[in-house]
Amino acid sequence: MRPCTKKGMVMEAYSPVAHGEALKNQVIADMAKKYGVSIPQLCIRFDIQLGMIVLPKTADPEHMKQNADVDFIISDEDMQALKTIKHIENYGEHSFFPVFGGKF
Ligand SMILES: NC(=O)c1ccc[n+]([C@@H]2O[C@H](COP(=O)([O-])OP(=O)(O)OC[C@H]3O[C@@H](n4cnc5c(N)ncnc54)[C@H](OP(=O)(O)O)[C@@H]3O)[C@@H](O)[C@H]2O)c1
């Protein structure tokens, strides 16, 4: 069990779309296609299944609607694949704040 869980705390996924960088990741794109969802939907669902509270950021009302529509299940196998995905190396202007730590 995670140390924060033991203390009754829930983790927040603060930048679940990796500041937008996940949109450029082919592995994530291929898996999203397999589930018939967008990349942000897959990212958000991944974090939900990790037990996090997810706070995606969007300035687009259509994206906001889509981001709330995540009623699908990522298989255990695909969760494992996402957990061990090659880390994004370049977050561009957000490089001071990498988001996939691989600790979950
Ligand atoms: N107050 C909060 O709870 C909160 C939470 C997260 C971030 N933030 C703040 O917001 C800022 C940026 O956040 P972030 O970049 O780290 O968040 P993020 O959620 O990881 O990524 C946001 C990016 O993903 C894109 N995006 C989101 N949903 C999408 C969709 N359905 N389809 C296509 N693109 C989608 C957004 O573009 P579009 O706008 O075009 O959709 C934006 O470029 C930071 O300054 C952060 O501090 C605040």
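Everything discussed here concerns the structure shown above.
Let us look at the structure shown here. The structure displayed is predicted, hence computed values, not measured ones.

How each quantity is defined
- Residues numbered from 1 in each chain as written.
- Predicted model: local features only at pLDDT ≥ 70, side-chain atom pairs only at ≥ 80, totals over all residues.
- Near = placed C-beta within 6 Å.
- Nonpolar A, V, L, I, M, F, W, Y, C, P; charged D, E, K, R; others polar.
- Helix = DSSP H or I, 4+ residues; strand = E, 2+ residues; numbered from the N terminus.
- Buried ≥ 20, exposed ≤ 12 C-beta atoms within 10 Å, placed from the backbone.

## Some thoughts on the site of the ligand
Line of reasoning, step 1. Residues in contact with the ligand amount to 19 residues; listed here are only the nearest, Ser-15, Val-17, Gly-20, Thr-58 and His-63.
Line of reasoning, step 2. Classifying every residue of the shell around the ligand by side-chain character gives nine nonpolar, eight polar and two charged.

## As for unusual backbone geometry
Line of reasoning, step 1. One non-glycine residue with positive phi stands out, namely Ala-18, at about 55°.
Line of reasoning, step 2. Along the chain, Ala-18 falls in the loop between strand S1 (12-13) and helix H2 (26-35).
Line of reasoning, step 3. For Ala-18, a count of 22 C-beta atoms within 10 Å gives the class buried.
Line of reasoning, step 4. The phi torsion at His-19 lies on the positive side, around 60°, for a residue other than glycine.
Line of reasoning, step 5. Among the structural elements, His-19 can be located in the loop between S1 and H2.

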